[in-house]
Amino acid sequence: MSQRGGDVQSNLRLSSDPIYSDLIPRGAADLIVSLEPLEALRYIPYLAPEGWIITNTVPFENIPDYPPMDQVMGALNKLPRVIAIDVDAIAKEVGSPRSANMVLLGATASVLGILDPDKLRDGIRRIFGRKGEEIVEANIKAFDAGFASARKK
Amino acid sequence: MADKQLLLGDEAVALGALHAGLSGVYAYPGTPSTEITEYIQGHPLTRERHIHDHWTTNEKTAMEGALGMSYAGKRSLVCMKHVGMNVCADPLMGSAMTGANGGLVVAACDDPSMHSSQNEQDSRFWGTFGMMPVFEPSNQQEAYEMTRAAFDYSEKRTIPVIMRLTTRMAHSRAVVTPTGDIRPQNELHYPEYPKRWVTLPVNARVRNRELIKDYAQFEEDAATSKFNWIADGPDHSMGVIACGIAYNYLMENYPDGCPYPVLKVSQYPFPRKLALKLAAMVPTILVLEEGQPLVENMLRGVFPSNTKIIGRIDETVVRDGELSPDDVRKALGLPALPTFAPSQVLAPRPPALCMGCGHRDFYTALNNVLKKDYPTARVFSDIGCYTLGYMAPFHAINTCVEMGASFTMAQGAAYSGTWPAVGVLGDSTFTHSGMTGLLDAVNGNADVVLCISDNLTTAMTGGQDSAGTGRIEAICAGLGVDPAHIRTIVPLPKNYPDMEKVIREEIEYHGVSVIVCRRECIQTARRHAKK
Ligand SMILES: Cc1ncc(C[n+]2csc(CCOP(=O)(O)OP(=O)(O)O)c2C)c(N)n1
Ligand code: SF4
């Protein structure tokens, strides 16, 4: 229902052991990755005590009662491990405003631990290869910028 | 390694069907079943083998088409969301009486918690009701394998098999390794028992007794099926019956193995023999099932029993909604994992009509007329994107029940004295179940204004082809609506004056009016522009 502006989330689980549940239990998410700050906040009961939140800081205000931004960011920043970056600005800075999601992925890669960032770069090459070298490079650049900006935090 | 694929549960069913020698998929879209058919439509084998893959007009025509294919000896698959089973209930129940010839599998995708549905009915009941076997996979690999097994089983026992998935099974991706050869398609061959296929009472009475016997055989089969098994555990203070994906939530809570004996069930009729075996080991049985408490109800007799049954009915497990690992954790008496309290700074973000959507302009014009000049009007709507006209800022509709109900409910209200009585549905809903109601309106000369908000697609489920595209006015005229009262308007802000004039005129006409409001869905338009 994302095309009609409702909230959308999905669960991703990676493990070298068998995974039983498709759904992540409450308190068991190692990462919450969000393209929107209010949406990051929505799912914190799923976050593990040691888990990270990686979120965009730019709100998507399509509802009349969107809470004041200082409250949203205040609530987020109260959590122990948060990387909040202006993903849209970084994407624009590196010249590909449509790669905001790659910036976020780069930032995520910086704390992922279990996956070598080069594996993700390979994945980006594979997914965008069809669209030509230029698009691949723009996405890699966005990924790297996200990675670097999260490292600075 | 090369063979491994990352597939949705829906896609695993689709691939299983293709590899089982499918000749046709018959389906009407509906969340969470749509991706089964879409996967088949996009697969190279479908073109290579000329597999029939067109969307059908509704679930009833789908079920009937598939049954015809089964009669001719070929393997066919029917796919729909759970409420689609209601629409095809007549041929579904009939198919248990005729039995299957070529393998016939009916994939029904349930939506507990109603993520995008109007109820949480449990499709396993159709198995009990119609005396048909039900398969319920618990992971994507099993979905692939069980679909292949379901086609074989359908032919072996000459019976349609229901494949029941729920939202998380249908819509989550995991690695699937296809097994076995790609089976050839069946040759044309006709049924061994031709009398069954003519369900006159003289034949049906005989068949009904056979079916009752067969159903007992299906339960025997379920008791020895490789998809149903008991695993012992060290702690015999309790046993667990885990059906379908409920098994995953149980095991999620015991990474080192479940301490209790477990009966896992993925094939029905429910194998009572295995339950008795489990009951001999433990005093209490916890029933975990996704959906309504079907198994639990069956195990909880009216009379006293030595085995205590716990589950949804006594609220050991949450009474409704889909299961989660957290609900199961609680039922097992395990402490919740530590985490963060829900934030106080939240606001819900409900879905809304896209900006620029034609339904918006239609509702704006309709509201401009009704709210101002016809305060007694009632608007009977239906299921589709346009149902979001209920939400702010429109508040434009009074009812939404099931597909097609708008046109017929408007008539019932009109005959009761409601004026103006307005019906609103989308083009796909119109061909699904609105056309028959329109014929009723014509025959009864109802005083109604029936609006078809035609966006040239089935938008709600992702933009599939719509059965009547390009022929909506012709269909209405063919059903007998006076052509002078079939009006077409284009929903755009600059057209509000014209749109309002047409709506007003048709309200003032005391007979059957049809207003076709046509502009392409902007999501599909965008996709077409990219191509
Ligand atoms: C019996 C049944 N089958 C399928 C569905 C799923 N479904 C909901 S709305 C819809 C289609 C609506 O298409 P249309 O009438 O053209 O309206 P649109 O969404 O395009 O506005 C479908 C297939 C359902 N709710 N009930
Ligand atoms: S998907 Fe199409 S029909 Fe549905 S709300 Fe968006 S524009 Fe309207």
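Residues numbered from 1 in each chain as written. Chains lettered and ligands numbered in written order. Predicted model: local features only at pLDDT ≥ 70, side-chain atom pairs only at ≥ 80, totals over all residues. Heavy atoms only, no water.

Undergrad: What's the story with the packing of aromatic side chains in this structure? I'm lost.
TA: Residues and elements named next belong to chain B. Inspection of the entire model under this criterion finds 14 aromatic pairs over all chains. Aromatic pair Tyr 374 and Trp 419: ring centres 5.6 Å apart, planes at 80°, arrangement edge-to-face. Here Tyr 374 is found in the loop between helix 15 (358-373) and strand 14 (378-380), whereas its partner Trp 419 is found in the loop between helix 16 (405-415) and strand 15 (421-426), with 45 residues between them in sequence. Aromatic side chains Phe 407 and Phe 430 sit 6.1 Å apart centroid to centroid with 55° between the ring planes, which places their arrangement in the tilted category. Remark: Phe 430 occurs in helix 17 (residues 427-444) and Phe 407 occurs in helix 16; sequence separation between them is 23 residues. (Phe/Tyr/Trp six-rings, centres within 6.5 Å; stacked < 30°, edge-to-face > 60°. Helix = DSSP H or I, 4+ residues; strand = E, 2+ residues; numbered from the N terminus.)

Undergrad: Where do I start with the site of ligand 1 in this structure?
TA: Residue and element names in this part refer to chain B. Not every one of the 25 residues close to ligand 1 is listed here, only the nearest: Glu 59, His 359, Thr 429, Asn 455 and Ala 459. Take Ala 459: an N or O atom from its main chain is 2.8 Å from an oxygen atom of ligand 1. Here an oxygen atom of ligand 1 and a backbone polar atom of Met 460 are 2.9 Å apart. The protein chains hide 97% of the 580 Å² of surface that ligand 1 would expose on its own. Contributing elements (two or more residues each) for the shell around ligand 1: helix 5 (84-87) and helix 17. In terms of residue count, the dominant contributor to the shell around ligand 1 is helix 17 (four residues). A class-by-class count of the residues in the shell around ligand 1 yields ten nonpolar, twelve polar and three charged. Built from parts of two domains, the shell around ligand 1 gets at least three residues from each of domain 1 (5-224) and domain 3 (358-529). (Near = heavy atom within 4 Å. Polar contact = N/O pair within 3.5 Å; in protein donor to acceptor, adjacent residues only side chain to side chain. Areas by Shrake-Rupley, 256 points an atom, 1.4 Å probe, with all protein chains shown as cover. Nonpolar A, V, L, I, M, F, W, Y, C, P; charged D, E, K, R; others polar. Domains from an automatic or database assignment.)

Undergrad: Is there a simple way to explain the pairing of strand 2 (residues 47-56) of chain A in this structure?
TA: Regular strands show a simple pattern: their side chains alternate between the two faces of the sheet. Residues and elements named next belong to chain A. Of all ten residues making up strand 2, seven are buried, and the element is well covered by its neighbours. Alignment of strand 1 (residues 29-34) against strand 2, held across five bridges, turns out to be parallel. Within the sheet, the bridge partner assigned to Leu 31 lies in strand 2 and is Trp 52. With helix 1 (residues 37-42) bridging strand 1 and its parallel neighbour strand 2, the resulting β-α-β unit is right-handed. In terms of handedness, the path from strand 2 via helix 2 (residues 69-77) over to strand 3 (residues 82-85) forms a crossover that is right-handed. (Buried < 20%, exposed > 50% of the residue type's maximum accessible area, 1.4 Å probe, protein only. Pairing = 2+ DSSP bridges. Right-handed = clockwise from strand over helix to strand, strands pointing away.)

Undergrad: Looking at this model, I keep getting lost on the domain arrangement of chain B. Mind explaining?
TA: Note on interface size: it is often stated as the accessible area lost on association of the parts. Residue and element names in this part refer to chain B. Looking at chain B, the domain boundaries give domain 1 (5-224), domain 2 (229-331) and domain 3 (358-529). For domain 1 and domain 2, the distance between their C-alpha centroids amounts to 26 Å. Counting residues at the interface gives 30 residues for domain 1, matched by 25 residues for domain 2. Between domain 1 and domain 2 lies a buried interface of about 2,300 Å² when both sides are counted; carbon and sulfur atoms form 50% of it. Summed over the shared surface of domain 1 and domain 2, the result is five salt bridges. The partner of Lys 264 in a salt bridge is Glu 142, and the shortest N-O contact between them spans 3.1 Å. Run the count over domain 1 and domain 2 and you get 17 residue pairs in polar contact (both at pLDDT 80 or more). (Contact = heavy atoms within 4.5 Å. Buried area = accessible area lost by both parts, 1.4 Å probe. Salt bridge = Lys/Arg side-chain N within 4 Å of Asp/Glu carboxyl O.)

Undergrad: Sorry if this is basic, but what is going on with the sheet that holds strand 12 (residues 284-288) of chain B here?
TA: Backbone hydrogen bonds hold the strands of a sheet together, and the pairing may be parallel or antiparallel. Residues and elements named next belong to chain B. The sheet built from five strands is open, its strands ordered 8-10-9-12-13 with mixed pairing. In this open sheet, the two strands that pair with only one neighbour each are strand 8 (229-231) and strand 13 (308-310). Taking the axes of each pair of neighbouring strands and ignoring which way they run, one obtains an average angle of 20° across the sheet. Here three bridges tie strand 8 to strand 10 (residues 262-265), and the two strands are oriented antiparallel to one another. Looking across to strand 10, one finds that Ile 230 is bridged to Leu 263. (Axes fitted to C-alpha atoms, helices over the stretch in contact; angles between N-to-C directions.)

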